[in-house]
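What follows is the residue order along each chain.
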Amino acid sequence: MTGAQPPRPATPRASGGPDPRPVLRVAVVEDEAMTTAQITGQLTALGLEVAVRVQRVEDLPDPPDGPPADVAVCDLHLPGLSGADAVGHLVGRGLPVVATTGAAMREEALEAIAAGARGFIEKRGLATDRFAAAALAVADGGCYADAHLAGYFLDDLDRNPLLGERLRTDDRRLLEAIARGDRIEDIAAEWGLAVREVQQVRLGRLFAAEVRHRTAHHLTAREKEVMIAVGCRGLTYKRAAAQLDIGVSTVAQHMENIRDKYRRTHPGSDGIRIASAATRWAWELGYCHGGGTTTVV
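How each quantity is defined
Residues numbered from 1 in each chain as written. Predicted model: local features only at pLDDT ≥ 70, side-chain atom pairs only at ≥ 80, totals over all residues. Heavy atoms only, no water. Helix = DSSP H or I, 4+ residues; strand = E, 2+ residues; numbered from the N terminus. Areas by Shrake-Rupley, 256 points an atom, 1.4 Å probe, with all protein chains shown as cover. Polar contact = N/O pair within 3.5 Å; in protein donor to acceptor, adjacent residues only side chain to side chain. Contact = heavy atoms within 4.5 Å. Disulfide = S-S within 2.5 Å. Buried < 20%, exposed > 50% of the residue type's maximum accessible area, 1.4 Å probe, protein only. Arc of directions from axis to C-beta. Pairing = 2+ DSSP bridges. Right-handed = clockwise from strand over helix to strand, strands pointing away. Phe/Tyr/Trp six-rings, centres within 6.5 Å; stacked < 30°, edge-to-face > 60°. Lys NZ or Arg CZ within 6 Å of the ring centre and 35° of its normal. Core = buried A, V, L, I, M, F, W, Y, C linked by side-chain atoms within 4.5 Å.

Engineer: Describe in detail the overall build of the chain, supporting the description with residues and values.
Structural biologist: Broken down by element type, the chain carries 12 helices and eight strands. Total accessible area computed for the chain in this model is approximately 13700 Å², and 52% of it derives from carbon and sulfur atoms.

Written out as structure tokens, the structure reads:
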């Protein structure tokens, strides 16, 4: 963060005295007005300041003295840049990100982590203090995982690890506890740990492992284009090649690469057909939200 930041008011203590710590400023990126109001209410009720509310990441203001907030809470289904692209945009602006969505899809959530999100929460049935807890943890240099993300981490890291890299026993126990619905504060107390150690060291280690795992099997920009053309829009290899101005054999090679990467990131999918892998992964990643039919080639 560059430039001097303006002084911020102290957060009121429950006892009525001032708290010397500055108020945490949050940017809420959400295109549903009712959801924006709910998130804003939850954050401000616990003493955080919602500094900016926008419907698209592209609309976030660009003040000359640094990022417009200390942390961003960003929905993954947005107009304009969406999903991992929206997260990457915010991270590029210097904002720690808590990603959120109303219905968590495994690949969508994990791709958001790979793009730099340091926290993830599914909005359905959310306890009223969880957005504030996640924002505070992420702004403090830690990470935050809800039960859904912990389950996805277990599936991705424990059951399908990179060569030579397996989950530590204590890390697996932590993910299992969070996946059961245990709160990080309760886990830390039971294990005799500081909450910050759980968020910054242990969860930080797991988030870093997931980024390494996703990077090793990351789809290239061209592979994504081919996946959308064939998996979402149902184009034949020949029609996809014509639209993308590449050869049919190149489309076929990209499709094989997509299938191979799908197998490595989806345990138990060794027998999946090439077209099915492209279609399923495209839907999981949110590329087909506009609908479409698929032709198996």
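Engineer: How would you explain the side chain of Asp75 if you had to name every residue and give the values?
Structural biologist: Along the chain, Asp75 falls in strand E5 (residues 71-75). A polar atom in the side chain of Asp75 sits 3.3 Å from the backbone nitrogen of His77. Excluding its chain neighbours within four sequence positions, the residues that come into contact with Asp75 are Val29, Glu30, Asp31, Thr100, Thr101 and Lys123.

Engineer: Hey, could you go over the state of the cysteines for me, with residue numbers and the actual values?
Structural biologist: Evaluated as defined, the whole model comprises one disulfide. Between Cys232 and Cys288 runs a disulfide, and the two sulfur atoms are separated by 1.8 Å. One quick way to see it: the torsion about the S-S bond of Cys232 and Cys288 is about -80 degrees, and its sign makes the bridge left-handed. Linking Cys232 in helix H9 (residues 221-232) with Cys288 in the segment after helix H12 (274-284), this pair joins segments that are 56 residues apart in sequence. Residues Cys232 and Cys288 agree in their burial class; the two are buried.

Engineer: Quick rundown of helix H7 (residues 184-191)? Include the residues and the values.
Structural biologist: Listed in full, the buried residues belonging to H7 are Ile184, Ile187 and Ala188. The buried residues of H7 occupy one face: seen down the axis, they fall within an arc of 100 degrees. The exposed set on the far side of H7, more than 90 degrees from its buried face, consists of Ala189 and Glu190. For H7, the elements touching its buried residues are strand E8 (144-145), helix H6 (169-179) and helix H8 (195-216).

Engineer: Pulling in residues and values, what's your account of the pairing of strand E6 (residues 97-101)?
Structural biologist: The element E6 is extensively covered by neighbouring structure, given that five of its five residues are classed as buried. On E6, burial covers both faces: Val97, Ala99 and Thr101 on one face and Val98 and Thr100 on the other are all buried. Looking at chain direction, E5 and E6 are connected through four bridges and run parallel. In the sheet register, Cys74 faces E6, and the bridge partner there is Ala99. What joins E5 to E6 is helix H2 (residues 83-92), and the crossover it makes is right-handed. Where E6 and strand E7 (residues 119-122) come together, four bridges link them in parallel fashion. Its bridge partner lying in E7, Ala99 is registered against Phe120. Handedness of the β-α-β unit built from E6, helix H3 (residues 106-114) and E7 comes out right-handed.

Engineer: Any details on unusual backbone geometry? Residues and values, ideally.
Structural biologist: The phi dihedral of Asp245 falls on the positive side, at around 60 degrees, and the residue is not glycine. Tracing the backbone through its elements, the reader meets Asp245 in the loop between helix H10 (237-244) and helix H11 (248-265). The exposure class assigned to Asp245 is exposed, which follows from its relative accessible area of 70%.

Engineer: Can you break down the packing of aromatic side chains residue by residue, with the values?
Structural biologist: Each aromatic ring pair is described using two quantities: the centre-to-centre distance and the angle formed by the ring planes. Scanning all chains against the criterion turns up two aromatic pairs. Between Phe153 and Phe207, the ring centres sit 5.2 Å apart and the planes meet at 80 degrees, which makes this aromatic pair edge-to-face. Placement of Phe153 in helix H5 (residues 147-158) and of Phe207 in helix H8 is noted, with a sequence separation of 54 residues between them. Take Phe153 and Phe207: they sit in the same class, and that class is buried. Stacked on the ring of Trp191, the Lys or Arg Arg173 has its end atom at 4.4 Å from the ring centre.

Engineer: Summarise the nonpolar core; cite the residues concerned and give the values.
Structural biologist: Val26, Leu43, Leu90, Leu149 and Phe153 are the most contacted members of the largest nonpolar core, which has 64 residues in total. Those residues in contact with Val26, other than ones at most four positions away along the chain, are Leu43, Leu48, Glu49, Val50, Ala51, Val52, Ala69, Val71, Val73 and Ala135. Counting 23 residues, the second-largest nonpolar core is a separate cluster that includes Val226, Val230, Ile272 and Ala278.

Engineer: Which residues make up the sheet that holds E5, and what values do they have?
Structural biologist: An order of E4-E3-E5-E6-E7-E8 is seen for the six strands of this open sheet, with the pairing classed as parallel. Across the chains shown, the open sheet's two edge strands, defined by having one partner strand only, are strand E4 (49-54) and E8.

Engineer: With reference to specific residues and values, describe the side chain of Asp170.
Structural biologist: Along the chain, the position of Asp170 falls in helix H6. With a relative accessible area of 18%, Asp170 lands in the buried category. Side chain to side chain, Asp170 and Arg168 meet in a polar contact 3.0 Å long.

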